[in-house]
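Results of the structural survey
Letter by letter, the chains look like this.
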Protein chains: 2
Amino acid sequence: MFHIQRDSSVPLSEQICREFADRIRTGILANGSRLPSVRELADMLDVSLVTVVQAYRLLEQRGLAKRIHGKGTFVHTTSQPGQGGNNATGTQAYDWQLAVVDYLPRAAVLGIHGRTTSADVPYKLSTASLDPALSSLLFPRDIGQVVQRAMPSLAEYGPVDGLEALRRDVVSYLREFGLTAHPDKILIVNGVQQAIDLAARAFLGPGDVVVVEAPTYPGAIDVFRSRGATIVSIPMDAEGIRLDLLTRQCDQNPPKLVYTMPTFHNPTGIVMSTRRRRQLLELAESCQFLILEDDSFSDCSFMGPPPPPIRSLDKHGHVIYVKGFSKVFAPGCRVAAVSSSGSIHTRLIAAKTVSDLGSPVITQMLVHACLTHPKRRQRVLDIAKAVQRKRDIALEVLSEQAPPGISWTSPQGGYNLWVTLPPHVNTDALLIEALHAGVSFLPGSACYVNENVRHQLRISYAWLDDDALREGVSRLCGVLRSALESTGDHHLPVL
Amino acid sequence: MFHIQRDSSVPLSEQICREFADRIRTGILANGSRLPSVRELADMLDVSLVTVVQAYRLLEQRGLAKRIHGKGTFVHTTSQPGQGGNNATGTQAYDWQLAVVDYLPRAAVLGIHGRTTSADVPYKLSTASLDPALSSLLFPRDIGQVVQRAMPSLAEYGPVDGLEALRRDVVSYLREFGLTAHPDKILIVNGVQQAIDLAARAFLGPGDVVVVEAPTYPGAIDVFRSRGATIVSIPMDAEGIRLDLLTRQCDQNPPKLVYTMPTFHNPTGIVMSTRRRRQLLELAESCQFLILEDDSFSDCSFMGPPPPPIRSLDKHGHVIYVKGFSKVFAPGCRVAAVSSSGSIHTRLIAAKTVSDLGSPVITQMLVHACLTHPKRRQRVLDIAKAVQRKRDIALEVLSEQAPPGISWTSPQGGYNLWVTLPPHVNTDALLIEALHAGVSFLPGSACYVNENVRHQLRISYAWLDDDALREGVSRLCGVLRSALESTGDHHLPVL
C-alpha cells in the first residue's frame with residue numbers, strides 16, 4: 001500500500017504521514033474513514049509502534065486526522081478535496097475496504113486534476129493546456145460532416161495499432177520535424193500519459209532502474225511508481241539532463257529506461273541541445289538502455305524549428321518517441337502517436353492490446369481531420385504566436401510585480417515556466433493561499449521523486465485568455481509578496 | 001520475460017517452446033530474429049542446457065525456427081503472422097533489443113485480433129461484435145450535428161471520471177436492469193478491457209490470488225498475467241462458477257478478487273442463477289474478496305430480462321461492476337462504465353488517472369447520444385431479436401451438418417456459443433485448416449489459464465450477416481468432419 005524507503009533521509013514517521021496525506025488530499029481516504037490501529041499499521045509496515053504514533057500525531061497537527069479516545073484515529077478535514085467523497089452514513093459500511101491493499105502510486109496527478117477542475121478557481125495557472133479559443137482553430141469547420149461520413153466505421157473496433165490513414169498523417173507530420181518513420185511502425189495511443197504507461201508496463205518492473213529528469217512531469221512519476229520500478233532523478237542544466245551524472249549512474253546501477261522531454265521540457269521549458277541529444281543517444285547505445293522521448297510541445301515553438309527529435313538520430317531502435325496531439329491539436333481527443341523500431345514496437349502493441357484493445361476510431365478520425373486541415377501549417381504558427389504573446393504577458397507581469405528573491409525561466413516554446421523562490425518558502429502551503437485568491441499553480445514538489453524540494457512552482461500560461469492571464473499572474477505575485485513578507489510561516493513542511 | 005512454472009505437469013521444454021511460439025505467432029519475434037544462444041537462455045531461465053536444446057528442437061519441428069550451424073537458432077516461418085514484421089535488413093540492427101526483458105503476458109488477444117483483421121478470412125466466427133448493419137441503428141441520424149454542437153468541448157480535457165451527462169445516462173440505464181447507482185460513483189473508461197486492467201492495476205500484484213471462471217475471457221487472463229498475479233481457474237456448471245470449489249479455494253488460499261461474467265458468459269453463454277449470485281456475494285462478504293462483475297452482454301437477451309446484476313445486491317462495496325457499451329452500442333467508441341463504492345471507486349479513479357488522465361470527450365458524447373436516443377429501448381430489443389435469429393441460424397446449421405461426437409451450448413443471450421469436440425481433437429491445429437477454408441473461430445485454449453484443454457472452440461454468431469453466417473458455420477462443419485474422419489492427426493499438441 002505504502003512506499004516506505006528505509007534508507008531515505010526523510011524520517012519514517014514523516015513518510016507515513018505523507019502517504020496518508022496524499023490519500024486524504026486526493027479523496028482516496030474519505031473524511032470520517034477510520035485509519036488502521038497503531039498496532040495493525042506497525043505490523044503491516046514492519047515499523048515500530050512509536051513511529052506510527054508519531055505519524056498519526058503529524059497528521060493531527062496538519063489538520064487531516066483526529067484521534068477519538070477508545071475508538072481510533074479518523075480522517076478529519078475541514079476544507080476539502082476534489083473527488084466525490086462519501087457521505088457519513090455510507091462510509092462505515094465500507095470500512096472493510098481499507099484492509100484491501102492496493103498498488104497505486106501517490107496519484108499526484110489526480111490531486112492536481114481534482115483541484116483544477118473546480119469552478120471556484122477562475123485563474124488556473126496549473127492547466128498546461130491551450131486556450132480553447134485557440135485550439136478550435138485547427139478543427140475543420142465541417143467537422144460534423146466528417147463524423148457523419150465516418151458513421152459506418154463507428155460500428156467496428158479499429159485496428160489495435162491505429163487507423164492507417166492517421167498513421168500516414170503522423171508520418172508526414174513528423175517528417176516536417178526531421179523524423180523519418182514508416183506508417184507500419186507507428187502506434188496510436190490515448191495521449192502521452194498512456195504512451196508512458198505502455199512503455200512502463202512493457203519494460204519496467206520491480207528492481208528495474210528508470211531515470212527521470214529532476215524536475216519532471218508528475219504523471220510519469222506516478223506511472224513508474226505504479227510499476228514498482230526504482231526511480232532515479234538526475235538534475236538538468238541549461239542544455240538538458242546532466243550526462244556526467246547519468247554516466248556515473250550507468251556505471252553504478254545502469255538504467256533500463258531514461259525518460260526525457262528534450263523539447264520545451266515540462267515543467268522548466270528547457271530545450272536539450274543537439275549535442276546533448278547526440279551524446280544521450282550514444283550513451284544509450286553503449287549502455288543499452290531505452291530512451292522514452294516525450295514530445296508534447298515541439299509544435300509550439302517561439303524560436304523557429306527546435307532541434308530534431310532524438311529519435312531522428314536513432315539507428316538501432318533505442319528510442320521510443322511519443323508525439324502528443326493533445327496540446328496544440330485536440331485535447332478532448334486524447335490522441336498521441338508512438339514511433340519505435342523492431343520488437344520494441346511490437347511489444348508496445350502487445351501492451352496496448354492488453355490495456356484497451358486499441359484507441360477509439362472517432363477520435364483518430366478527428367485528429368486526422370486536424371492534421372490534414374488545408375490551413376494546418378499556418379494555423380499552428382498562428383497558435384504558437386498567440387501562445388508566445390501569453391508567455392510575454394506572464395514574463396512582463398512577473399518582472400513588474402514579483403517580489404525580489406524570485407527567479408524564473410524564459411521558455412522558447414511550450415506552455416510552462418518555472419519559478420524558483422527562496423529555499424525556505426514552501427509552495428505546497430502557498431498553493432492553499434493562492435487558491436483562496438482564485439489562482440492555481442503546480443507546486444514544484446509534484447515534479448520531484450524523492451527530493452524534498454518545495455520552493456518552486458510551475459506557471460502554465462497557455463490556458464487563460466490574455467486578460468485573465470494578466471490578472472492571474474498579478475494575483476499570484478501578490479500571494480508571493482505576502483509569503484515573503486511573513487517569512488517564517490512557511491518553514492514547516494505543511495501539506 | 002517468460003512465465004515458466006516449475007511445478008507444472010507440462011515439461012519445461014514444452015513450456016519454453018510455447019512461450020517462444022506465442023511470441024512468434026504474434027509477431028513480437030520477427031521472422032529472421034536470432035534466438036538467444038542455448039547457454040544464454042539456460043542461464044536466463046535457470047534450466048539445464050538439455051531443456052533448451054529440446055525446446056529449440058520442438059520449435060524446429062513445428063516449423064517456427066531453424067538452426068543454422070555455427071550461427072545459432074533463428075525464427076523461421078513460412079506462412080505468417082498478423083502484425084507488421086520487420087524486413088530482413090532492419091532486423092539485424094535491432095538484435096540488441098532481444099536482450100530487453102519485458103513484462104508482457106502471452107498477448108493471446110493480440111494473436112486473435114491480428115488474425116481476424118486480415119481480409120482473407122471472409123467468414124469470421126471469431127469476432128464477438130455486432131453486425132455493423134445492426135449497431136448503427138442506435139446512432140442518432142443527426143450524429144454529425146451532435147458533434148458539431150460539441151465542438152467547443154473538444155478543445156478541453158474532460159473530467160477524469162467521465163462526463164457528468166453520460167454518468168447520469170448510465171445511472172438511468174442501469175436502473176432498467178435493477179441496479180441503483182449514483183452518478184458520482186460511476187467511472188467512465190475505454191471499454192471493458194480497460195476496466196479489467198484498472199481493477200487489476202489497483203488491486204492485484206505478485207502473490208495475490210485472482211479467481212477466474214474456466215473457461216474465461218482471454219483478454220482478462222492477459223491482464224492478470226501482466227500483473228504477476230496468481231490465477232486460479234474454477235470450473236463452471238449450468239448455474240455458473242462452482243461455489244463448492246471456490247469455497248475450498250477460500251479456505252486454502254483466499255482470492256483477493258474473483259472475475260466473473262454472470263450474464264451470457266463469454267465464451268460459454270451461461271447465465272449465473274440468481275441464487276448463485278447471492279451465494280457468491282455472501283462468500284465475498286465472509287472472505288472479504290472483491291468481485292469484478294463483467295457485464296458486456298446483458299442488453300442482448302433472448303429470454304426477457306436476465307437476473308439482476310450481482311452489484312444490485314451489494315451492500316458493503318464488494319462488487320466492481322462493469323457495463324460495456326461496445327457490444328450492442330457503439331464499438332468504435334470503446335466506452336464502458338464502472339459502478340463501485342467507497343474507496344474502491346476512488347482508487348479506480350486514481351488508476352484511471354495514471355493510465356490516461358481520462359477518456360476522450362467525444363466518444364462519451366456519442367454514447368450519450370446513443371443512450372438518449374428516443375427510440376433506444378425499441379431499437380435495443382430489435383437488435384436482440386436480430387441477434388437471436390443469427391443464433392438460431394448457427395444452431396440450425398450445427399444440428400444439420402455437425403458430425404457426431406460434438407456438442408454445443410444454446411445461449412439465451414450474448415454473441416457466443418461454445419462447442420465441445422471429442423477430447424483428442426486439437427482446435428489450435430484445426431484453426432489453421434479452418435482459416436484455409438476462409439473461416440475463423442476462437443480456439444478454446446485461449447480461454448484457459450493453465451489447463452491443457454484443446455478440444456473446444458467458440459463461435460461468435462453476431463458479426464456476420466445472415467447468409468455469410470450460414471455459409472461460415474457450414475464450412476466450419478466441413479472442417480470438423482474431415483478432422484474427425486482423419487482422427488489421429490490432431491493428437492499432437494501442434495501449435
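See above for the structure.
Residues numbered from 1 in each chain as written. Chains lettered and ligands numbered in written order. Predicted model: local features only at pLDDT ≥ 70, side-chain atom pairs only at ≥ 80, totals over all residues. Heavy atoms only, no water.

**What about the interface of chain A and chain B?**
This is how the line gets drawn: Note on definitions: a residue-residue contact is assigned when non-hydrogen atoms from the two residues lie within 4.5 Å. Summed over both partners, buried area is the accessible surface (1.4 Å probe) that two parts give up on being assembled. Think of a salt bridge as a Lys or Arg side-chain nitrogen and an Asp or Glu carboxyl oxygen that are within 4 Å of each other. Whenever a nitrogen or oxygen atom comes within 3.5 Å of another N or O atom, the pair is scored as a polar contact, on the condition that within protein one atom can donate a hydrogen and the other can accept it, and that pairs from neighbouring residues in sequence are kept only if both atoms are in side chains. Segments assigned H or I by DSSP are reported as helices when at least four residues long, segments assigned E as strands when at least two residues long, and all are numbered from the N terminus.
Contacts between chain A and chain B engage 96 residues on the former and 96 residues on the latter. Per-residue buried area on chain A facing chain B is highest for Trp96(A), Tyr103(A) and Tyr157(A); these three make up 10% of the total on that side. Along the contact surface separating chain A from chain B lie two salt bridges. Across the pair Asp197(A) and Arg201(B) runs a salt bridge whose closest N-O atoms are separated by 2.7 Å. Taken together, chain A and chain B are joined by ten residue pairs in polar contact (both at pLDDT 80 or more). Mapped by element, the contributors of at least two residues to the side of chain A that touches chain B are α5 (108-116), α6 (132-135), α7 (143-150), α9 (191-203), α10 (218-226), α13 (342-356) and α14 (361-371) of chain A. In terms of residues, the side of chain A that touches chain B owes the most to one element, α13(A), which gives twelve residues.

**Quick word on the packing of aromatic side chains**
Filter applied, for reference: For this analysis, a ring pair means two rings from Phe, Tyr or Trp (six-membered ring only for Trp) whose centres lie within 6.5 Å, classed as stacked if their planes differ by under 30 degrees, edge-to-face if by over 60, and tilted for the remaining angles. Only protein chains enter the area calculation, which uses a 1.4 Å probe; residues under 20% of their type maximum are buried, those over 50% are exposed, and those in between are partly exposed. Charge-over-ring placement is defined geometrically: NZ (Lys) or CZ (Arg) within 6 Å of the ring centre, and within 35 degrees of the ring normal.
Under the counting rule described, the total for this entry stands at 14 aromatic pairs over all chains. Here the aromatic rings of Tyr173(B) and Phe329(B) are separated by 5.6 Å at their centres, their planes lie at 85°, and the arrangement is edge-to-face. Taken together, the positions of Tyr173(B) in helix α8 (residues 164-175) and Phe329(B) in the loop between β10 (319-324) and β11 (336-339) put the pair 156 residues apart, joining distant regions of the chain. Residues Tyr173(B) and Phe329(B) agree in their burial class; the two are buried. Summarising the aromatic geometry, the rings of Phe224(B) and Tyr259(B) are spaced 5.8 Å apart at their centres and angled 70° between planes, so their arrangement reads as edge-to-face. On the criterion of sequence distance, the pair formed by Phe224(B) in helix α10 (residues 218-226) and Tyr259(B) in strand β8 (residues 257-260) is long-range, its members being 35 residues apart. Of the two residues examined, Phe224(B) and Tyr259(B), each falls in the buried class. Ring-pair connections join several aromatic residues into one group, and the members of that group are Tyr173(A), Phe177(A), Phe325(A) and Phe329(A). In this arrangement the basic side chain of Lys323(A) is found over the ring face of Phe177(A), its NZ or CZ atom lying 5.9 Å from the centre.

**Digging into the relation of the copies chain A and chain B**
We apply this condition: Least squares is the method used to superpose the copies, on C-alpha atoms of residues holding a pLDDT of at least 70 in both.
The two copies are related by a screw motion: chain A maps onto chain B through a turn of 180° and a shift of 0.0 Å along the axis, at an RMSD of 0.1 Å. Overall, the copies show the geometry of a two-fold rotation axis. In terms of C-alpha distance to the rotation axis, chain A has Gly144(A) as its closest residue, with the C-alpha 2.0 Å off the axis. Here 100% of the interface residues in chain A have copies in chain B that are interface residues too; the copies meet face to matching face.

**As for the sheet that holds strand β9 (residues 290-295) of chain B**
Residues and elements named next belong to chain B. Selection criterion: Only when DSSP finds a minimum of two bridges between them are two strands counted as paired.
Pairing in this open sheet of eight strands is mixed, and the strands run β4-β11-β10-β9-β8-β5-β6-β7 from one edge to the other. Looking at which strands have only one partner, the edges of the open sheet turn out to be β4 (186-189) and β7 (240-241). Strand direction decides the pairing type here: β10 and β11, joined by four bridges, are antiparallel. Residue pairing for β11: tyrosine 321 is matched across the bridge by serine 339.

**Looking at helix α3 (residues 49-61) of chain A**
All names here are of chain A. As a reminder of what qualifies: By this rule the span expected of a helix is its residue count minus one, scaled by 1.5 Å. The directions considered for the arc are those from the helix axis to the C-beta atoms.
For α3, built from 13 residues, the straight-helix expectation of 18 Å at 1.5 Å per residue is met to within 8% by its first-to-last C-alpha distance of 18 Å. Along α3, the residues that are buried comprise Thr51, Val52, Ala55, Tyr56, Leu58 and Leu59. When α3 is viewed along its axis, its buried side chains cluster within an angular range of 155° and face the same direction. Summarising the geometry of α3, the exposed residues directed more than 90 degrees from the buried face are Val50 and Gln61. Packed against the buried residues of α3 are α1 (12-25), α2 (38-45), β1 (65-68) and β2 (72-75). Phi for glycine 63, located one or two positions after α3, is positive at around 70°.

**A closer look at the environment of Pro403(B)**
All names here are of chain B. Take proline 403: it is sitting in the loop between α15 (376-401) and β12 (407-408). On a C-alpha basis, the gap between proline 403 and isoleucine 4 in space is 38 Å, while along the polypeptide they are 399 residues apart. Once residues lying within four places of it in the same chain are set aside, the contact partners of proline 403 are Cys477, Leu480, Arg481 and Leu484.

**Thoughts on unusual backbone geometry**
The peptide bond linking Asn266(A) to Pro267(A) adopts the cis configuration, its omega dihedral lying at 15°. Inspection of the secondary structure assignment puts Pro267(A) in the loop between β8 (257-260) and α12 (274-287). For Phe264(B), which is not glycine, the phi dihedral falls at a positive 55°. Among the secondary structure elements, Phe264(B) is positioned in the loop between β8 and α12 (274-287). Within the chain, Gln288(B) stands out as a residue other than glycine whose phi angle is a positive 55°. Topologically, Gln288(B) is positioned in the loop between α12 and β9.

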